[in-house]
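Close look at the chain arrangement
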Amino acid sequence: MTTLYTPDHEWLRIEGDVATIGITDYAQTQLGDVVFVELPKVGRALKKAEAAAVVESVKAASDVYAPITGEVIEINDALVADPALINSDPGKAAWFFKLKIANKGDLDGLMDEAAYKQHTA
């Protein structure tokens, strides 16, 4: 299992040909208290950099972009029921959706944890 990061503060956990996607602790700190989340529909085909989900906090609404191209194969219903999970456990329980990876080449250029920490320093 590999974890990669985007400049837009999404994380991807890669297991085989499936990527689980969420937002980083840095992103949730910037957003503040999350009050609503809208997730993509299962079966939706997403292109890399396409808006895939929406997160609303007391401060602002923010799009979550598809970091790679793929098909949504699962969403995290627990997140819809309890959006505050994003604030309490952004790196684990608060994953947004899982994508079947269409092109492993999309993973090139994403950051590892060390590079992401440098990006947010």
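Since the model is a prediction, treat every value here as computed from it, not as a measurement.

Scanning the protein chain from terminus to terminus reveals four helices and nine strands. In the protein chain, the succession of α and β elements from N to C terminus is β-β-β-α-β-β-β-β-β-α-α-β-α. Against the compact-globule benchmark of 14 Å for 121 residues, the protein chain has a radius of gyration of 13 Å, which places it among compact chains. Over its C-alpha atoms, taken along the principal directions, the protein chain stretches across nearly 35 × 35 × 20 Å. If you take every contact in the protein chain between residues at least 6 apart in sequence, the share linking residues at least 24 apart comes to 58%. Taken as a whole, the protein chain presents about 6200 Å² of accessible surface, with 50% of it coming from carbon and sulfur.

We now examine the environment of D25. Its location among the elements puts D25 in helix α1 (residues 25–31). Taking C-alpha positions, D25 is 8.5 Å from H9, a pair spaced 16 residues apart along the chain. In this structure the side chain of D25 is engaged in a polar contact, spanning 2.9 Å, whose partner is the side chain of Q28.

Per the stated rule, a full pass over the model turns up four salt bridges. Residues D17 and K100 are paired through a salt bridge, measuring 2.4 Å at the closest nitrogen-oxygen approach. Of the two residues, D17 sits in the loop between β2 (10–15) and β3 (18–23) while K100 sits in strand β9 (residues 97–101), which places them 83 residues apart along the sequence. D17 sits in the partly exposed class, given a relative accessible area of 35%. For K98, the salt bridge goes to E74, with nearest N and O atoms at 3.9 Å. Residue K98 is located in strand β9, and its partner E74 is located in strand β8 (residues 70–75); the two are separated by 24 residues in the primary sequence. Accessibility expressed as a relative area gives 22% for K98, which makes it partly exposed. When its relative accessible area of 35% is taken as the criterion, E74 is described as partly exposed.

What counts and what doesn't
- Residues numbered from 1 in each chain as written.
- Predicted model: local features only at pLDDT ≥ 70, side-chain atom pairs only at ≥ 80, totals over all residues.
- Heavy atoms only, no water.
- Helix = DSSP H or I, 4+ residues; strand = E, 2+ residues; numbered from the N terminus.
- Rg over C-alpha atoms; globule rule 2.2 N^0.38 Å.
- Contact = heavy atoms within 4.5 Å.
- Areas by Shrake-Rupley, 256 points an atom, 1.4 Å probe, with all protein chains shown as cover.
- Polar contact = N/O pair within 3.5 Å; in protein donor to acceptor, adjacent residues only side chain to side chain.
- Salt bridge = Lys/Arg side-chain N within 4 Å of Asp/Glu carboxyl O.
- Buried < 20%, exposed > 50% of the residue type's maximum accessible area, 1.4 Å probe, protein only.

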